[in-house]
Amino acid sequence: MTAIKPTTSIALICMTLAGPAWLHAEERMRAGLWEVMSSLNGEPSGTLGNTCYTTAMVATANAPATEVKQAAEKLSTRQGCTLKEFTMDGNKMSMTKVCGAKTSVIVSTYSGDRFETVDKATQGGVTSEMRMTGKRVGECK
């Protein structure tokens, strides 16, 4: 497994939290090997690596929406941030997170064995956009 920079950890967590509230657990986020690609402000920034998500690791993503929100709140608090908004609607999850002077609007969409997370962060009047896409590429080895 490849090490992940702390600045991308919230987007990866959002990816694992994304999914429709009405689906069964195995239909939201499937355990397995996932390949994650990223871009920053429209420029490819490469492969973040392959990550093996075990059944235990995807348990939160497959929980009811209220539990997913609680997990996002806990993560935000551990990062010294505040979760201002959180919604799950169909296959889309969105949240607004404030970390000091930085505000991030994070939207994750999940369908099948693929996901996309867009994190639009604004600080000091400057906005940046980090986009991550992922696909399940098989079973963990």
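The coordinates are above.
Residues numbered from 1 in each chain as written. Predicted model: local features only at pLDDT ≥ 70, side-chain atom pairs only at ≥ 80, totals over all residues. Heavy atoms only, no water.

Moving on: the environment of N62. Positionally, N62 belongs in the loop between β2 (43–53) and α3 (65–78). The spatial distance from the C-alpha of N62 to the C-alpha of M29 is 6.6 Å, given a sequence separation of 33 residues. (Helix = DSSP H or I, 4+ residues; strand = E, 2+ residues; numbered from the N terminus.)

Here the focus is the side chain of R136. Structurally, R136 is set in strand β7 (residues 126–138). Sequence-distant contacts of R136, defined by excluding residues within four places in its chain, comprise R30, A31, G32, L33, W34 and D113. (Contact = heavy atoms within 4.5 Å.)

This part takes up the packing of aromatic side chains. Counted according to the given criterion, the structure contains 2 aromatic pairs. Centre to centre, the rings of W34 and Y110 are 6.0 Å apart; their planes meet at 40°, and the pair counts as tilted. Of the two residues, W34 sits in strand β1 (residues 32–40) while Y110 sits in strand β5 (residues 102–111), which places them 76 residues apart along the sequence. Y110 carries the same exposure label as W34, and that label is buried. With centroids separated by 6.0 Å and ring planes inclined at 45°, the aromatic side chains of W34 and F115 adopt a geometry described as tilted. One end of the pair, W34, is in strand β1; the other, F115, is in strand β6 (residues 114–123), and 81 residues separate them in sequence. F115 carries the same exposure label as W34, and that label is buried. Grouping aromatic residues by their ring pairs yields a cluster made of W34, Y110 and F115. (Phe/Tyr/Trp six-rings, centres within 6.5 Å; stacked < 30°, edge-to-face > 60°. Buried < 20%, exposed > 50% of the residue type's maximum accessible area, 1.4 Å probe, protein only.)

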